Every structure is written in structure tokens, then in C-alpha cells.
Amino acid sequence: MDNCIFCKIIAGEIPSKKLYEDEEVLAFWDIAPQSPVHFLVIPKKHIARPADVTEADDALIGKLIRIGSQLAKEHNTDDGFRIIFNNGAKAGQEVFHIHLHIIGGRDKPWAL
Ligand code: 5GP
Ligand code: ZN
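Residues numbered from 1 in each chain as written. Chains lettered and ligands numbered in written order. Predicted model: local features only at pLDDT ≥ 70, side-chain atom pairs only at ≥ 80, totals over all residues. Heavy atoms only, no water.

Caption draft 1: The pairing of strand β3 (residues 37-43), seen in detail. With seven of seven residues buried, β3 is to be regarded as a mostly interior element. The sheet contact formed by strand β2 (residues 25-29) and β3 spans five bridges and is antiparallel. Following the sheet pairing, F28 is matched in β3 by L40. Relative to strand β5 (residues 100-104), β3 runs antiparallel, the two sharing five bridges. If you follow F39 over to β5, its bridge partner there is I102. (Buried < 20%, exposed > 50% of the residue type's maximum accessible area, 1.4 Å probe, protein only. Helix = DSSP H or I, 4+ residues; strand = E, 2+ residues; numbered from the N terminus. Pairing = 2+ DSSP bridges.)

Dropping the structure here:
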């Protein structure tokens, strides 16, 4: 997708600190972390928002949660982390390529 910052990260046109990559999914550290462990897990397929997910993407979105949780364990925060999807600018979504935040590494990470 043109002008999508996360598609550019997937394409290697913008550098990122990667934690995990396969043919469908990429995980990388957030550039402005809100807690000691804060990374993003994204599908390589461009889907703008959670509200744009279709039934065909059910397995892919489940995979984001599974990979994110495995990576949380590898970074020793599986005893407590938050998973956040923002949907829409009103909710604070800034990048319109669906992404799962994993936020952990301290008590009540990014408390609402
Ligand atoms: P949103 O507010 O859309 O849910 O979250 C977007 C997240 O992407 C923010 O936490 C922001 O810090 C992160 N982010 C934005 N641009 C970049 C970038 O170029 N590289 C990385 N690694 N993270 C980014
Ligand atoms: Zn994109």
C-alpha cells in the first residue's frame, strides 16, 4: 500500500528492529516505547484497521496474538502484558496498518 509506513517497514524501505519474521507476520520494537517491553506485531497483508478484518483473516489475526504472546515469553514478561489494538484516530490509531501492541515489562503496563 502506497504511503503506508508499516508496509515500508515490511519492504525494508524503512529500518526497524525486528524480533520475528515469517511469510505472513512481522514483529518489531516500537520506536516510542510506553514500557520496558513494547513491540508491535503486524500482518504483512495490508489491513487498515481491526474494523476492516474479514472472515478470511480470522486465522491471521489469531496468529498475531499467538506470536506476540510467544515473544512476550521470550522477553520474560509472560507473567503480565497488555495486548492493544487501536481502531480509528479517535481511539489513538496513528498508523493505518493493523498492528497489535504488546506492552509489558512492568506492573500495570500502560494502564488505562
Ligand atoms: P497506534 O497509535 O497507531 O496504535 O500505534 C502506532 C505505533 O507505531 C506507535 O506506538 C508508534 O510509536 C509506532 N511507530 C510509528 N512509526 C514507527 C516507525 O517508523 N517505526 C517503529 N518501530 N514504530 C513506529
Ligand atoms: Zn500497510
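On we go.
Caption draft 2: Highlighting the environment of I103. As for its placement among the helices and strands, I103 is situated in strand β5. I103 sits in the buried class, given a relative accessible area of 0%. Taking the C-alpha atoms as reference points, I103 and L64, separated by 39 residues in sequence, lie 14 Å from one another. In this view, I103 contacts S35, V37, H38, F81, R82, I84, P109 and W110; residues no more than four positions away in its chain are not counted. (Contact = heavy atoms within 4.5 Å.)

Read these as layout, nothing more, since geometry by itself doesn't imply function.
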